[in-house]
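Coordinates in review
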Amino acid sequence: MEITRLVAKRATCLRRQVGAVLVMDKRLLATGYNGAPSGLAHCLEVGCLREKRQIPSGERHELCRGLHAEQNVIIQAAFHGVRIQGSTLYCTNLPCAICTKMLINAGIREIIYEGGYGDELSKEMLLEARIPIRQLCLK
């Protein structure tokens, strides 16, 4: 989880810094943090679209320049040809419903997270998919 927190420091989101790490057999497979797609201006440079439009946290995820850390960790693994089926996701936050759907389809077998995220649909889908979630509090 400490590596996940370190990855989160690279995030370029003005609202929340999130890090994600995929691990299998005690090996680090890929990392991801939240921020704008490669080559595009980051929110640090152009400001937060969600703040400008006064969109509350947890709503209207599509109205954001950035990708979530969980999306980026899946993309990074795919980009580099790394198989992630059966891996464990460590994340600073419980994934939102959109990321949860992607993680289910990517074959992630377990999710370990540090902080909560107010998305009950995410928890319901993970329960239905029989993917264990565990909150790990390291302070």
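So, a few notes on the structure that sits alongside this text.

With that settled, the discussion passes to the overall build of the chain. Each helix and strand in the chain was counted, giving six helices and five strands. Overall, the chain shows an N-to-C arrangement of helices and strands of α-β-β-α-α-α-β-α-β-α-β. A compact globule built from 139 residues would reach a C-alpha radius of gyration of about 14 Å, and the chain, at 14 Å, matches this within 12%. In terms of overall dimensions, the chain has a C-alpha envelope of 40 × 30 × 30 Å along the principal axes. Burial statistics for the chain: of 139 residues in total, 44% are counted as buried.

Turning our attention to the sheet that holds strand β4 (residues 110–115). With respect to topology, five strands assemble into an open sheet ordered β2-β1-β3-β4-β5, the strand pairing being mixed. In the strand order of this sheet, the two ends are held by β2 (27–33) and β5 (133–135), each with one partner. Sheet twist, expressed as the average angle between the axes of neighbouring strands with direction ignored, equals 20 degrees. Of the pairings in the sheet, the one linking strand β1 (residues 19–24) to β2 comprises six bridges and is antiparallel in character. Bridged to V21 within β2 is T31.

Moving on, we get to unusual backbone geometry. Even without being a glycine, D25 presents a positive backbone phi close to 50 degrees. Residue placement: D25 occurs in the loop between β1 and β2. Judged by relative accessible area, which is 67%, D25 ranks as exposed.

This part takes up the environment of N93. Take N93: it is sitting in strand β3 (residues 88–93). On a C-alpha basis, the gap between N93 and R16 in space is 9.9 Å, while along the polypeptide they are 77 residues apart. A distance of 3.2 Å separates polar atoms of two side chains, one belonging to N93 and the other to T92.

Let us now look at the environment of A69. Checked against the element boundaries, A69 lands in helix α4 (residues 69–79). C-alpha of A69 to C-alpha of V21: the two residues are 48 residues apart in sequence and 8.7 Å apart in space. Apart from residues lying up to four places away in sequence, A69 is in contact with V18, G19, A20, G32, Y33 and N34.

Attention now goes to helix α6 (residues 120–128). Regarding α6, the residues found buried are S122, M125 and L126. Along α6, the residues classed as buried sweep out an arc of 100 degrees about the axis, all on the same side. Structural note: α6 exposes E120, L127 and E128 on the side pointing more than 90 degrees away from its buried face. At its buried positions, α6 is contacted by α5 (97–106), β4 and β5.

Here the focus is the pattern of salt bridges. Inspection of every chain in the model, using the stated rule, returns five salt bridges. Between E110 and R109 there is a salt bridge, with the nearest N and O atoms lying 3.6 Å from each other. Between R134 and E110 there is a salt bridge, with its nearest N and O atoms 3.5 Å apart. Of the two residues, R134 is situated in strand β5 and E110 in strand β4; the sequence distance between them amounts to 24 residues. Salt bridges sharing common partners tie together R109, E110 and R134.

Procedures and definitions
Throughout, residues of each chain are indexed from 1 in the direction in which the sequence is written. Owing to the predicted nature of the model, reporting of local features is limited to residues with pLDDT of at least 70; listing and counting of side-chain atom pairs is limited to 80 or more, with chain, interface and lining totals taken over all residues. In computing side-chain values, all of the structure's heavy atoms are included and hydrogens and water are not. The secondary structure listing takes helices from DSSP runs of H or I that are at least 4 residues long and strands from runs of E that are at least 2 residues long, numbered from the N terminus. Computation of the radius of gyration draws on C-alpha atoms alone. For the globule rule, the value is 2.2 Å times the number of residues to the power 0.38. When accessible area is computed with a 1.4 Å probe and restricted to protein chains, residues below 20% of their type maximum are described as buried, those above 50% as exposed, and intermediate ones as partly exposed. When DSSP locates at least two bridges between a pair of strands, those strands are taken to pair. Fitted lines through C-alpha atoms serve as axes, helices being fitted only where they are in contact, and the angles separating the N-to-C directions of these axes extend from 0 to 180 degrees. The definition of a polar contact used here is a pair of N or O atoms within 3.5 Å, where within protein one atom must be able to donate a hydrogen and the other to accept one, and adjacent residues in sequence count solely through side-chain atom pairs. Contacts are assigned to residue pairs with any non-hydrogen atoms lying within 4.5 Å of each other. To be clear, the arc concerns the directions from the helix axis to the C-beta atoms. Definition used for salt bridges: Asp or Glu carboxyl oxygen within 4 Å of a side-chain nitrogen of Lys or Arg.

Remember that the coordinates give geometry; whether it matters functionally is a separate question.
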